[in-house]
Amino acid sequence: MSSGRRSSRNVDLSIGCVTLFLLPFAGVGLFTAVMAVQRIAAGNSTEALFFGLFALTFGGVGIGGIGAVVAGRRTLKAQEALQASHPESPWLWRADWASGHITDSSRNTMIGAWLATLWNLIGWWPTGFLSARAALKEGKPAAFLGLLFPLVGVGLVVRAIRATLRHRRYGVSRLELATVPGIIGRSLIGMVRAPSSIQAAQGFDVTLTCVRRVTHGGGKQRSTSESVLWQDVQRVQGQPFRGPARMETHIPVAFRISGDAPSTDASNSANRVVWSLQVSADVPGVNYESCFDVPVFRTPASEQPLSPEETRLTEAADAVGYQQPADSRILVTATMRGTEILFPAARNLGAAVSLTVFLVLWLAGLGLQIYFGAPLIFPIVTALFAMLFLIAVLDLWLQVSRVTVNAGGVSWATGYVVPGRERTISAGEIADVTAAIGMQAGSSVYYDIVLVRKVGRKAKVGHSIRDKREAEWLAETIKRAMS
């Protein structure tokens, strides 16, 4: 009882702190709303517009936030009771996880996109306007840098419009889990029900991802970084289905989860492990996208083998019987020396182009710093990072690797445009050949082929493979060629 009372007091204290934080926003919102009404009455429409925007932004954050806090108090109390009732089963602490019926984040994404747009409009468009006026009237070209913030706002508007169109067209999708929770070492199985008839000629890309989110610093220095710990991607076909109210599209979900993957962990808000399921499809007009937070945990069942039904549903995740995609640029051939795998240059054009564009923009920023006479430390740091980005761009465009495998071992050579000096590891030194996550670009990961030595450091013989299935198949090809 004492522990429960302390926990309840902690909830009330947290609610009180959040409410106190939001009160100034609500006060500013009410004050500027009164000022807007006064300006309208005086016929000053320009100032009325500015005050109205401030009232909408700050009042929405303050009053809306306080309303959300008050409404969420019961939810916090209920969650506290669930945690006390099921201390060893964290997936039962959320009602949607416990029921196995999880709605996607499309509505929240749309609302968040518009809030970010509104905040940019209030916070940075006036700055951009005043900067441009100073640049034109006072001859201060550096002030034009203030226009970057309104330009970011244009991108936010486009993002918000796209999120709105997507939400209006596809509504809110629901994931119905057959396995609650998803079990480390076994599987996550379910069905996504999209409340719309979706004609996806190329099928649906279904991605299960485990991410570690680490928060650094606080206040204005607060930042969050993400690193992908585990990921699997499948392409499946959706099935049309006539629901009770409308046509639906059912998208099957069946993943085998490796035994070394980490469990969902939200015990430390600054260092969390989260699992998410993303479903997307190229559709004329507005592409379909949905995202779900899913529970994946290690349980006593993790040590048990897959059931026949789990095996049947997840057999597509097995590399056995895999056929290399026809459009893959990685070449596997038989030569006099054995099996040869060639990783050609520029085999990931999307990543190469994206990083090149980013590098160009980064260099443009460096040029602006030099042109406007920024303190020396800024262009130096920017130039150092530019060198790192340049190396990555050269790797994506020019690096070539050639791997030769036979019963004697594995030889590989890497270089720009043509392979360089060859290195060899004998078969007796190799304990395993694996596909491991290497480069990460946003939420997309690229895999490396790694030779695990019985003694000594691992050796990377192939890199930047976008398709996990292909990476696993290449690792199996190397092992078969050695045997």
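Note that this is a predicted model, so its numbers are computed, not measured.

## Considerations on the overall build of the protein
Here is step 1 of the chain: Scanning the protein from terminus to terminus reveals 10 helices and 19 strands.
Here is step 2 of the chain: Taken across its 483 residues, the protein has 36% of its residues classed as buried.
Here is step 3 of the chain: For the protein, the proportion of contacts with a sequence separation of at least 24, taken over those separated by at least 6, is 63%.
Here is step 4 of the chain: Counting every atom, the protein has about 27100 Å² of accessible surface; 62% of that belongs to carbon and sulfur.

## Comments concerning the pattern of salt bridges
Here is step 1 of the chain: For the structure shown, the criterion picks out 15 salt bridges.
Here is step 2 of the chain: One salt bridge in this structure joins arginine 213 and glutamate 226, with 2.8 Å as the shortest N-O distance. Of this pair, arginine 213 sits in strand 5 (residues 204-216) while glutamate 226 sits in strand 6 (residues 223-236), placing them 13 residues apart in sequence.
Here is step 3 of the chain: Put simply, glutamate 422 and arginine 402 hold a salt bridge, and the shortest N to O gap is 3.8 Å.

## So, helix 10 (residues 468-482)
Since there are 3.6 residues in each turn of an α-helix, residues three or four apart along the chain are aligned in direction.
Here is step 1 of the chain: Here helix 10 is 15 residues long and its end C-alpha atoms lie 22 Å apart, about the 21 Å a rise of 1.5 Å per residue gives.
Here is step 2 of the chain: For helix 10, the tally of buried residues reaches 11 of 15 residues, placing the bulk of the element in the interior.
Here is step 3 of the chain: Sitting at the amino-terminal end of helix 10 is aspartate 467, which places a side-chain oxygen 2.9 Å from the backbone nitrogen of arginine 469.

## A few points about the packing of aromatic side chains
Here is step 1 of the chain: Applying the stated criterion to the full structure yields nine aromatic pairs.
Here is step 2 of the chain: Look at tryptophan 91 and phenylalanine 297: their rings are 5.4 Å apart centre to centre, the planes differ by 50°, and that puts the pair in the tilted class. Taken together, the residues span a long stretch of sequence, with tryptophan 91 in the loop between helix 2 (45-85) and helix 3 (95-99) and phenylalanine 297 in strand 11 (residues 296-297) at a distance of 206 residues.
Here is step 3 of the chain: Geometrically, the ring pair formed by tryptophan 362 and phenylalanine 389 is edge-to-face, given 5.2 Å between the ring centres and 80° between the ring planes. In this pair, tryptophan 362 is assigned in helix 8 (residues 349-371) and phenylalanine 389 in helix 9 (residues 377-398), connecting sequence segments 27 residues apart.
Here is step 4 of the chain: What links up through ring pairs into an aromatic cluster is the set Phe358, Trp362, Phe385 and Phe389.
Here is step 5 of the chain: A cation over a ring is seen here: arginine 466 above tyrosine 446, with NZ or CZ 5.5 Å from the ring centre.

Cut-offs applied
Residues numbered from 1 in each chain as written. Predicted model: local features only at pLDDT ≥ 70, side-chain atom pairs only at ≥ 80, totals over all residues. Heavy atoms only, no water. Helix = DSSP H or I, 4+ residues; strand = E, 2+ residues; numbered from the N terminus. Buried < 20%, exposed > 50% of the residue type's maximum accessible area, 1.4 Å probe, protein only. Contact = heavy atoms within 4.5 Å. Areas by Shrake-Rupley, 256 points an atom, 1.4 Å probe, with all protein chains shown as cover. Salt bridge = Lys/Arg side-chain N within 4 Å of Asp/Glu carboxyl O. Expected span 1.5 Å × (residues − 1). Polar contact = N/O pair within 3.5 Å; in protein donor to acceptor, adjacent residues only side chain to side chain. Phe/Tyr/Trp six-rings, centres within 6.5 Å; stacked < 30°, edge-to-face > 60°. Lys NZ or Arg CZ within 6 Å of the ring centre and 35° of its normal.

Shape is all these values report; function is a separate question.
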